[in-house]
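One letter stands for each residue in the lines below.
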Amino acid sequence: MENNGGYGVSLYLAVRAIRRGNRSTLTLTILIIALVMVLMNFLGMIISGVVTLYNDQMIDYQYGHVAIEPRDKEIVIADADALVKRLKQIPGITGVSAHTGTAATITNIKNGKLQSKSLTAFNPEDEQSVTKYQMVITDGDYLSKGDTGQILIGTLLAGNEDESQDKLPSLGGIKVGDRVEVAYSNGVVKTYRVKGIYESLGALIDSSAFVTRSEMDSIMHSGDTATEILVRGSSADDAPALKYTIMSYGVEEKVKTWNEKGKGIMGDAISSFTLIKNIMTFVSLIVASVVVFIVTYINIINRKKQIGILKAIGIRKQIIVGSYLIQVLFQCACGILVGILMLNAISFVLTVNKLRFPMGYITPAVDYSSLAVSIVLLCIVSLVSGYIPARQVVNEEILNAMRG
Amino acid sequence: MIEVADLKKIYLLGNVEVAALRGVSLSIQKGEFVGIMGPSGSGKSTLLHQLGLLDTPSGGHILIDSTDVSQLDDDARTWFRLMHLGYVFQDYALVSELTVMENVAIPAIMQGKPLAECYAAATRMLEKVGLGKRLDHLVFELSGGEQQRVSIARALVNTPSIVFADEPCANLDTENSRTVLELFRDVNRELKQTIVMVSHEPWHQSYFDRIIFIRDGVMDEERIESEGKPGGPPGNETG
């Protein structure tokens, strides 16, 4: 009984059924599987885009690759300049910038509108090697090292004269050259000229304001201290290694990677997105399984007589079922391929016509790990959905099947 | 070659038992061309289906080449059909997605022979039935008579012990019927091929070596045809 053609016959029959079978049904099935593939991955693509954008913004504007914070029970980093110098000598570090932050109320002198914000001070030259503020100046100029009495303001904080156009509470239309009054937490109030306005497209980032460290020191007498030191390394992926390198050089302050700093609020949002994505994946899989089941079932019912003939002339049931499973796998593989092409086309369209989110423009990214998972799931679901009707019909009595 | 003892087949129609075969015993020798005849509903096709392992009898025994095939399980029956039996059906029963040659080759391919060998055997068989020039055609491109000849070629490709033919001429006109019957006769004589064929046409009788008449599920009579020339259809008696 072992001397037979085995599953090679399944392939033989399947190839001919695909080549000479109903093209419209095949095309429709492939299209449906492709759309299911798109459904399963589209939201993931958007989430990937959001996460990538959020991560880039955290690194480029908020934390660098590694952020150094004051030790436990201390509110500032002492001897900040010395620490910055030490850090600059560590291999793998490409930029270091000390930040000093304080609470401040900024008032637009022109219209009296005010906003309470955290005002941050940095050394503009050091900052250029860590963050990208100097690259997103939309009006005026970036700060220079010796600047006093000058302030850099985010576009959302600057706002518009027409309040209805503001996305966040603003100073009501600040422009370069305008004057703002800054009331520091120590009670000092000083007037500043707006030197530049930047726009990163990140909502939180663009509602901040910056002065130079020398300017802040002249008001707050912060001296050689910093509230945070940002460090940039070679790449985001190397941040954990960089963190341990910094610690190995005897830095006793708290050292955190960008990922450790930023996973709080966005982490919750991503969890919610992921839940929605999983629900969509589940529903899509059900749709796929029902479609494959129906198509295979109709296909098999239409060929019931042929199945009876094949059984009558001595083709084993397993071989016949195998031929249908190969056909289902072929449909599934084509559907997956078309689905991936569609996803890439969507990704291309959305790269050209970018989606605007609160943190900026999203560039959707195909997440190949979840793509791989959806491919495996889709194949399993298709095989099961194809197997059930095939097995059901193949188990019928030969004469019943041959009657059609 | 075929030994049948007390063969029974009972169908259930709702709660009613219908006895299609009520204890048929017969034997068929190697190389015989046997006709099974009888009125409509007599059980002749049922008998053929039991002998050809296409159906499972309700009782009795069938021995083919000394194997008690009534004791075989489903897989063993499938294998037995592939290795030892060939079939020709009333409605040709060809696979529409396969070409003429592929239809004939498929039982050989299933036996695990090399593809080239299967195609060569299929080609030889198709040439024998006069379809050597239609190898790459799809079955719907053939006439009914041609399709039935493809079906015969398929039945013969594995040189089976027995070919079962279930009213192979029922859908054919007289000319094509005669072609098919003569083909069977040639194969029977040249290759010593055992053939068991169901028919209800009286003019087919002259092609058979022996006729088993079935009536109401039992053997009615058995008649050995005299060695001689084939007859002809009604209205076409030529000799």
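Worth saying up front: this structure is predicted, and the values here are computed from it rather than measured. Throughout this document, residue positions are counted from 1 along each chain, in the order its sequence is written. Key to labels: chains lettered from A, ligands numbered from 1, both in the order written. It should be noted that, the model being predicted, local features are given only for residues of pLDDT at least 70 and side-chain atom pairs only at 80 or more, the latter also being counted only at that level, while totals for whole chains, interfaces and linings use all residues.

### Here we look at helix H1 (residues 44–51) of chain B
Residue and element names in this part refer to chain B. Applied cut-off: Residue burial is a threshold on neighbouring C-beta atoms within 10 Å of the residue's own C-beta, all placed from the backbone, with 20 or more meaning buried, 12 or fewer meaning exposed, and counts in between meaning partly exposed. Where helices and strands are cited, they refer to DSSP runs of H or I of at least four residues and of E of at least two residues respectively, numbered from the N terminus.
With eight of eight residues buried, H1 is to be regarded as a mostly interior element. Burial in H1 covers these residues: Lys44, Ser45, Thr46, Leu47, Leu48, His49, Gln50 and Leu51. Just beyond H1, the residue with positive phi is leucine 53, at close to 60°.

### Regarding the domain arrangement of chain A
How big an interface is tends to be reported as the loss of accessible area on association of its parts. Residue and element names in this part refer to chain A. Short version of the rule: Per the annotation, domain bounds derive from an automatic or database assignment of domains. All residues other than Ala, Val, Leu, Ile, Met, Phe, Trp, Tyr, Cys, Pro, Asp, Glu, Lys and Arg, Gly among them, are scored as polar; the first ten of these are nonpolar and the last four charged.
Domain boundaries assigned for chain A yield domain 1 (7–57 + 266–402) and domain 2 (66–232). Each of domain 1 and domain 2 has a C-alpha centre, and these two points are 52 Å apart. Looking at the side of domain 1 that touches domain 2 residue by residue, the classes come out as three nonpolar, two polar and no charged.

### Remarks on helix H3 (residues 80–88) of chain A
Residue and element names in this part refer to chain A. Where we set the bar: What the arc describes is the spread of directions from the helix axis to the C-beta atoms. Once C-beta atoms are placed from the backbone, any two residues with those atoms within 7 Å are in contact.
Among the residues of H3, Ala80, Leu83, Val84 and Leu87 are the ones counted as buried. Down the axis of H3, the sector holding all buried residues measures 100°, keeping them to one side. Facing away from the buried side of H3, by more than 90 degrees, are the exposed residues Ala82 and Lys85. Buried residues along H3 sit in contact with strand E2 (95–108), strand E9 (228–232) and helix H7 (239–248).

### Digging into the packing of helix H5 (residues 144–156) of chain B against helix H6 (residues 174–191) of chain B
Residues and elements named next belong to chain B. Stated formally: Here, axes are lines fitted to C-alpha atoms. For helices the fit covers the stretch in contact, and angles between N-to-C directions go from 0 to 180 degrees. Any angle that is under 35 degrees is reported as roughly parallel, and any over 145 degrees as roughly antiparallel; angles of 65 to 115 degrees are reported as roughly perpendicular and all others as oblique. In this scheme, a crossing is called left-handed if the near helix is turned counterclockwise away from the far one by less than a right angle; it is called right-handed if the turn is clockwise.
Close contact between H5 and H6 brings their axes to 9 Å; oriented N to C, the two are set at 15°. Judged by the angle between their axes, H5 and H6 are roughly parallel. Crossing angle aside, the handedness with which H5 passes H6 is right-handed. Here Gly144, Gly145, Gln148, Arg149, Ile152 and Leu156 of H5 lie close against H6, whose contacting residues are Asn176, Thr179, Val180, Leu183 and Val187. For the contact of H5 with H6, the per-class residue count stands at five nonpolar, five polar and one charged.

### Here's the deal with the pairing of strand E7 (residues 162–166) of chain B
Residue and element names in this part refer to chain B. Just so we agree on the cut-off: We treat two strands as partners when DSSP finds at least two bridges between them. Seen with the strands pointing away from the viewer, any crossover whose path from the first strand over the helix to the second strand runs clockwise is right-handed.
Burial of E7 is extensive: five of the five residues sit out of reach of the surface. What you see with E7 is no split at all: Ile162, Phe164 and Asp166 on one side and Val163 and Ala165 on the other are buried throughout. Alignment of strand E6 (residues 85–88) against E7, held across four bridges, turns out to be parallel. Each bridged residue has a counterpart across the sheet, and for glycine 86 the counterpart in E7 is valine 163. Relative to strand E8 (residues 194–199), E7 runs parallel, the two being bridged by five bridges. Bridge pairing in E8 places isoleucine 162 opposite threonine 194. What joins E7 to E8 is H6, and the crossover it makes is right-handed.

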